[in-house]
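Listed below, chain by chain, are the residues.
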Amino acid sequence: MQQARISIRGGRPLSGTVSISGAKNAALPELAAVCLSADLVEFQNVPLVEDIKVMFAALGEIGARGEIRGNSINAALPAVKEALVSHEIAKTTRASVLLLGPLLARHGFAKVSFPGGCPIGERKINFHLQGLEAMGAEIVAQGEYIIAKCKRLRGIEYLFPAKTVTGTENLIMAASLAQGTTVLRNCALEPEVTDLVGLLRKMGADISGQDTDTIIIRGQATLHGAAHRIIPDRIEAGTYLIAGCFAGNEIDIQGVMPGHLRSLLAILDSMGAAMTVSGQSIRVKGQAALAPVEVTTEPYPGFPTDLQAQLTTLLTQAQGVSRVRERIFNDRFHHVGELNRLGAAIEVEHDTAVIRGPARLRGAVIKTTDLRASAALVLGGLQAAGETVIENSYQLFRGYESMPQKLQNLGADIKII
Ligand code: EPZ
């Protein structure tokens, strides 16, 4: 899988229906939440992607038992065997840092390797650690590991210095078993945070304020098992929605929560995309003359950084100059150089990509470095004339379930080589 390459022969129209899988970024913290209880937690609608398999393996190393059956996972951690998240695990997905809070809260000790994951710039976890220290944890760095200890975490008032999705999730989970009440302010508002709170409440956690930026958690002595269906993946849905906007395509995206895609829908609408939202599905028909836009990535409900690269590919076809400003991460333009190798005309000025369209794209051998850049390059290959080969496409399989198959079903000429 690591050396997998993808070959795409572009220029073929996409048509038909695509079903959206469960949200990777909800499933990851929710798997970590298994550590908060000794009981069985059962998940439905889990996306079978590499990052999920890695998180499941991490749970096994800690001492959890369970199984993955299709898109269902059940897991239980009756007792902690070893409160360790190895470097092997952490270097693949940054989400492994989500085990720190739950392990510390359940077991009073955690040894977690510094997170790896996408090379999209500074990926600090100082807010996670500050919050846990404020809750009474003693945290030291030992080589590539974080060692955290605390007999029993205690409730605190904590203001996040800036919005952090996994930071919010880590502290909510830690506070669920802490002594007393925790008030977290300036929390991330992503739907995946809300879905995690939904699971924790089913497990017996006492949490209020979800969907707002102030979340109150009254710690419990223990949590119990639960069953939970994971929300649809808004980033996967947004990726296919963008794919449908290229001229000549007409696709039906099913199993979507349109309310989670408002910022993207507004931007595509302003570009002149032809979309029809009905219930849990969105129909989109590509347009030849799309208008350019100016977009800035922001924390939810603003335009998501995880769709920035994919939108940039579409903007190579807009009639004019677009500007995409990346305000969440400081190095998330790796897709630009590769898109330019396909014939795009994009320049990066500080934190902004300036995209001159329309540009005729032609196939080439390109490489990807991170999950969402790989999706952007697939969209580029689908648009480019001739063959595009994408190297290091393991990244794609980290976060998109069966993307080559889903695109083949829509008529794309794409295969793993
Ligand atoms: C989550 O990452 C997502 N991952 C990312 O998706 C997503 O891009 C990101 O949120 C922003 O929406 C998961 O949910 C597993 P952050 P996370 O903490 O939590 C800085 C994907 O493609 N920061 O919200 O790691 C940080 O450096 C992935 O699915 C600190 O300075 O992101 C970044 O610049 C990629 N100190 C910004 O905040 C901290 O303690 C946002 O980071 C934490 C974060």
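Keep in mind that what you see is a predicted model, and the values were worked out from it rather than measured.

Right, let's get into the pairing of strand S8 (residues 138-142). Strand direction decides the pairing type here: S8 and strand S9 (residues 145-149), joined by 5 bridges, are antiparallel. Paired with Gln 142 across the two strands is Tyr 145, which belongs to S9. Linking S8 back to S9 in an antiparallel pair, the connection comprises 2 residues, with Gly 143 at a positive phi of about 65°.

A few words on the sheet that holds strand S3 (residues 40-44). Across the sheet, which stays open at both edges, the 4 strands sit in the order S4-S5-S3-S14 with mixed pairing between neighbours. Across the chains shown, the open sheet's two edge strands, defined by having one partner strand only, are strand S4 (65-69) and strand S14 (226-229). Within the sheet, the average angular offset between the axes of one strand and its neighbour, ignoring direction, is 10°. Against the sheet, helix H2 (residues 50-62) contacts S4 and strand S5 (72-76), and its axis sits at roughly 20° relative to S5.

Taken domain by domain, the protein chain comprises domain 1 (6-21 + 232-416) and domain 2 (24-229). Domain 1 and domain 2 are separated by 30 Å when their C-alpha centres are compared. In this complex, domain 1 contributes 24 residues to the contact, which on the side of domain 2 involves 24 residues. A buried area of about 1,900 Å², summed over both sides, lies between domain 1 and domain 2, and 54% of it is on carbon and sulfur atoms. Looking at the side of domain 1 facing domain 2, the largest losses of area belong to Tyr 300, Arg 398 and Glu 401, adding up to 32% of the total buried there. The interface formed by domain 1 and domain 2 holds 2 salt bridges in total. Of the charged contacts in the structure, one is a salt bridge between Arg 398 and Asp 51, with a shortest N-O distance of 2.9 Å. Linking domain 1 with domain 2 are 7 residue pairs in polar contact (both at pLDDT 80 or more). The element that contributes the greatest number of residues to the side of domain 1 that touches domain 2 is helix H13 (residues 394-399), accounting for 4 residues. For the side of domain 1 that touches domain 2, the residue count by class is 9 nonpolar, 6 polar and 9 charged.

For the rest of this paragraph, the subject is helix H8 (residues 234-244). Here H8 lies mainly inside the structure; 11 of its 11 residues are buried. If you check which residues of H8 are buried, you get Arg 234, Ile 235, Glu 236, Ala 237, Gly 238, Thr 239, Tyr 240, Leu 241, Ile 242, Ala 243 and Gly 244. Here H8 starts with a cap whose side-chain oxygen sits 2.9 Å from the backbone nitrogen of Ile 235, and that cap is Asp 233.

Moving on, we come to the pattern of salt bridges. For the coordinates displayed, the defined rule picks out 19 salt bridges. Ionic pairing is found between Glu 157 and Arg 185, a salt bridge with its closest N-O pair at 3.0 Å. Note that Glu 157 is positioned in strand S10 (residues 157-159) and Arg 185 in strand S11 (residues 181-185), a separation of 28 residues in sequence. In this structure, the salt-bridge partner of Arg 325 is Asp 351, at a minimum N-O distance of 2.8 Å. Taken as a pair, Arg 325 in strand S19 (residues 321-325) and Asp 351 in the loop between strand S20 (345-349) and strand S21 (352-356) lie far apart in primary sequence, 26 residues in all. Accessibility expressed as a relative area gives 32% for Arg 325, which makes it partly exposed. Overall, Asp 351 belongs to the partly exposed group, its relative accessible area being 25%.

Moving on, we get to the sheet that holds strand S18 (residues 294-296). Strand pairing in a sheet takes place through backbone hydrogen bonds and is either antiparallel or parallel in direction. Pairing in this open sheet of 4 strands is mixed, and the strands run S18-S19-S21-S20 from one edge to the other. Each end of this open sheet is capped by a strand with a single partner; those strands are S18 and S20. Neighbouring strand axes in the sheet, compared pairwise and without regard to direction, differ in orientation by 15° on average. As defined by bridge partners, S18 adjoins S19 across 3 bridges and the pair is classed as parallel. Counterpart to Thr 296 in the pairing with S19 is Arg 325. Seen against the sheet, helix H10 (residues 308-315) touches S18, S19, S20 and S21 and runs at an angle of roughly 175° to S19.

Another aspect to go through is the state of the cysteines. Applying the stated rule across the entire model yields 0 disulfides. Cys 187 carries a free sulfur, and the closest cysteine sulfur to it, the one in Cys 150, is 20 Å from it.

Of all 8 residues that make up H10, 8 are buried, and the element is covered over most of its length. When H10 is considered as a whole, its buried residues turn out to be Gln 308, Ala 309, Gln 310, Leu 311, Thr 312, Thr 313, Leu 314 and Leu 315.

Conventions used here
Residues numbered from 1 in each chain as written. Predicted model: local features only at pLDDT ≥ 70, side-chain atom pairs only at ≥ 80, totals over all residues. Heavy atoms only, no water. Pairing = 2+ DSSP bridges. Helix = DSSP H or I, 4+ residues; strand = E, 2+ residues; numbered from the N terminus. Axes fitted to C-alpha atoms, helices over the stretch in contact; angles between N-to-C directions. Contact = heavy atoms within 4.5 Å. Domains from an automatic or database assignment. Buried area = accessible area lost by both parts, 1.4 Å probe. Salt bridge = Lys/Arg side-chain N within 4 Å of Asp/Glu carboxyl O. Polar contact = N/O pair within 3.5 Å; in protein donor to acceptor, adjacent residues only side chain to side chain. Nonpolar A, V, L, I, M, F, W, Y, C, P; charged D, E, K, R; others polar. Buried < 20%, exposed > 50% of the residue type's maximum accessible area, 1.4 Å probe, protein only. Disulfide = S-S within 2.5 Å.

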